[in-house]
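Descriptive analysis of the structure
Residues per chain are reported as follows:
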Amino acid sequence: MNDLALPPALQSISLRLAAGGRTAILVGPGLRDLLYGVEPDRIEVSTDAPLRELLGWFPEGVLIGVRRATVMIPRQTVCVDVTSLPANRAIERELAQRDFTINAIAYDVVQQKWLDPHGGRRDLACALIRAVHRARDRLAEDPIRALRAIRLAATRGWQLDAELEAALANAAPALAAIAREPVRRELVKLLLAPGAARALERLERSGIAQRIAPGSAPDAGALVERLPRDLGLRLAGWLRGARARAILQRLRFSREVV
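Model, not experiment: these values are computed from the prediction. (Residues numbered from 1 in each chain as written. Predicted model: local features only at pLDDT ≥ 70, side-chain atom pairs only at ≥ 80, totals over all residues. Heavy atoms only, no water.)

**Looking at the overall build of the protein chain**
In terms of regular secondary structure, the protein chain is built from 14 helices and 9 strands. A compact globule built from 258 residues would reach a C-alpha radius of gyration of about 18 Å, and the protein chain, at 20 Å, matches this within 12%. For the C-alpha atoms alone, the extent of the protein chain along its principal axes is close to 60 × 40 × 30 Å. Looking at the protein chain as a whole, 49% of its 258 residues qualify as buried. For the protein chain, the share of sequence-separated contacts (at least 6 apart) that also reach a separation of at least 24 residues comes to 63%. Put simply, the protein chain shows about 12,500 Å² of open surface, and 50% of that area lies on carbon and sulfur atoms. Both charge centroids of the protein chain, one from 39 positive and one from 29 negative side chains, sit 5 Å from each other. (Helix = DSSP H or I, 4+ residues; strand = E, 2+ residues; numbered from the N terminus. Rg over C-alpha atoms; globule rule 2.2 N^0.38 Å. Buried < 20%, exposed > 50% of the residue type's maximum accessible area, 1.4 Å probe, protein only. Contact = heavy atoms within 4.5 Å. Areas by Shrake-Rupley, 256 points an atom, 1.4 Å probe, with all protein chains shown as cover. Lys, Arg positive; Asp, Glu negative; His and termini not counted. Charge placed at Lys NZ, Arg CZ, Asp CG, Glu CD.)

**Some points on the side chain of E186**
Locating E186 in the fold gives a position in helix α9 (residues 180-192). The exposure class assigned to E186 is buried, which follows from its relative accessible area of 6%. In terms of polar contacts, E186 uses its side chain to reach the side chain of R151, at 2.8 Å. (Polar contact = N/O pair within 3.5 Å; in protein donor to acceptor, adjacent residues only side chain to side chain.)

**Some points on the packing of helix α7 (residues 144-156) against helix α10 (residues 196-206)**
Across the interface, α7 lies against α10 with an axial gap of 8 Å and an inter-helix angle of 145 degrees. The element α7 and its partner α10 pack so that their crossing is right-handed. Here α7 contributes L147, I150, A153 and A154 to the contact with α10, which in turn contributes R198, A199, R202 and L203. The residue makeup of the contact of α7 with α10, split by class, is 6 nonpolar, no polar and 2 charged. (Axes fitted to C-alpha atoms, helices over the stretch in contact; angles between N-to-C directions. Left-handed = near helix turned anticlockwise from the far one by under 90°. Nonpolar A, V, L, I, M, F, W, Y, C, P; charged D, E, K, R; others polar.)

**Some words on the packing of aromatic side chains**
Aromatic ring pairs are described here by two measures, namely the spacing of the ring centres and the angle between the planes. This model, assessed by the stated rule, comprises 2 aromatic pairs. With 5.1 Å between their ring centres and 80 degrees between their planes, Y36 and W158 make a pair best called edge-to-face. Of the two residues, Y36 sits in helix α2 (residues 28-36) while W158 sits in the loop between α7 and β9 (159-160), which places them 122 residues apart along the sequence. Assessed through its relative accessible area of 33%, Y36 is described here as partly exposed. (Phe/Tyr/Trp six-rings, centres within 6.5 Å; stacked < 30°, edge-to-face > 60°.)

**Overview of unusual backbone geometry**
The backbone phi angle of H133 is positive, close to 60 degrees, even though this residue is not glycine. Structurally, the position occupied by H133 is in the loop between β8 (128-129) and α6 (135-141). The backbone phi angle of R252 is positive, close to 65 degrees, even though this residue is not glycine. With respect to the helices, strands and loops of the structure, R252 is situated in the segment after α14 (244-250).

**Quick look at the environment of L227**
Summarising the element assignment, L227 is placed in the loop between α12 (220-226) and α13 (231-239). Sequence separation between L227 and P50 is 177 residues; the distance between their C-alpha atoms is 49 Å. Those residues within four positions of L227 in sequence are excluded, and the remaining contacts are L233, R234 and G237.

**Concerning the nonpolar core**
Residues L17, L26, I129, L203, I208 and W238 are the most contacted members of the largest nonpolar core, which totals 73 residues. Residues in contact with L203, not counting those within four places in the same chain, are L147, I150, L187, L190, I208 and A209. Counting 9 residues, the second-largest nonpolar core is a separate cluster that includes L95, A106, L115 and V132. (Core = buried A, V, L, I, M, F, W, Y, C linked by side-chain atoms within 4.5 Å.)

**Section: the sheet that holds strand β5 (residues 79-84)**
Spatially, β3-β4-β5-β2-β1-β6-β7 is the arrangement adopted by the 7 strands of the open sheet, whose pairing is mixed. Of all strands in the sheet, those bounded by a partner on one side alone are β3 (62-65) and β7 (113-115). When the angles between neighbouring strand axes are averaged without regard to direction, this sheet yields 30 degrees. The pairing of strand β2 (residues 42-47) with β5 spans 6 bridges and is classified as parallel. Across the sheet, T47 pairs through a bridge with S84, a residue of β5. Most of the contacts of α2 go to β2, to which it runs at about 115 degrees, and overall it touches β1 (25-27), β2, β6 (106-108) and β7. (Pairing = 2+ DSSP bridges.)

**A few points about the packing of α7 against α9**
At their nearest, the axes of α7 and α9 sit 10 Å apart, and the two run at 5 degrees to each other. Taken as axis vectors, α7 and α9 run roughly parallel relative to one another. Across the interface between the two elements, I144, L147, R148, I150 and R151 from α7 touch P182, V183, E186, K189 and L190 from α9. Of the residues contributing to the contact of α7 with α9, the split by class is 6 nonpolar, no polar and 4 charged. (Parallel < 35°, antiparallel > 145°, perpendicular 65-115°, else oblique.)

This is the structure in structure tokens:
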């Protein structure tokens, strides 16, 4: 798991940054997947190159984050998001603000050096999802992380750390109150992914299901996973017996889906 095979597109971008005397540090879920042997479709790179240099070196890049100065560089098989990191903001500080330890790993391509202050590589080797610092605090910052943890555990067959599992219930009330679009996006991924049954069972146990979809069937997981991977069918299986129309409208599903 320590060997890292970089896609050719990522190698060329990293070499260009290095040739300009700049850093090229891989971070985030894309690095996690590379390390785990899964080919990602998006990879994050942090660099000390200022935005003007990035736009000059990569004219095909698209500015997608003004506040974080992020340039998306499209390639045939992968998109590389390059973020200009201010010189006074260490990468360790960035990693400390991540959700899970497996997403708080960094790799310095130029120096060929790992940065793993929270033990993310060890957790990845154990197939364990653990929060960076206190799980309750990480979920309070962004309750969507609760849905993300449940989806990752179900789709990858990984385990949740006991502290993170216990903190899911604390995120349930907040999930019912935040913007509907992020909740909907995670639910769609969860329902259509392998392991949907395990994910729905965990949603039910944590109390999240009844917060975001009151009246949804507690035993829906087994049924949903037997259905074709069709969003309408799986939503119908999950919401049978509930006020499906009201729930879907509240979550801002399209009229066609409703």
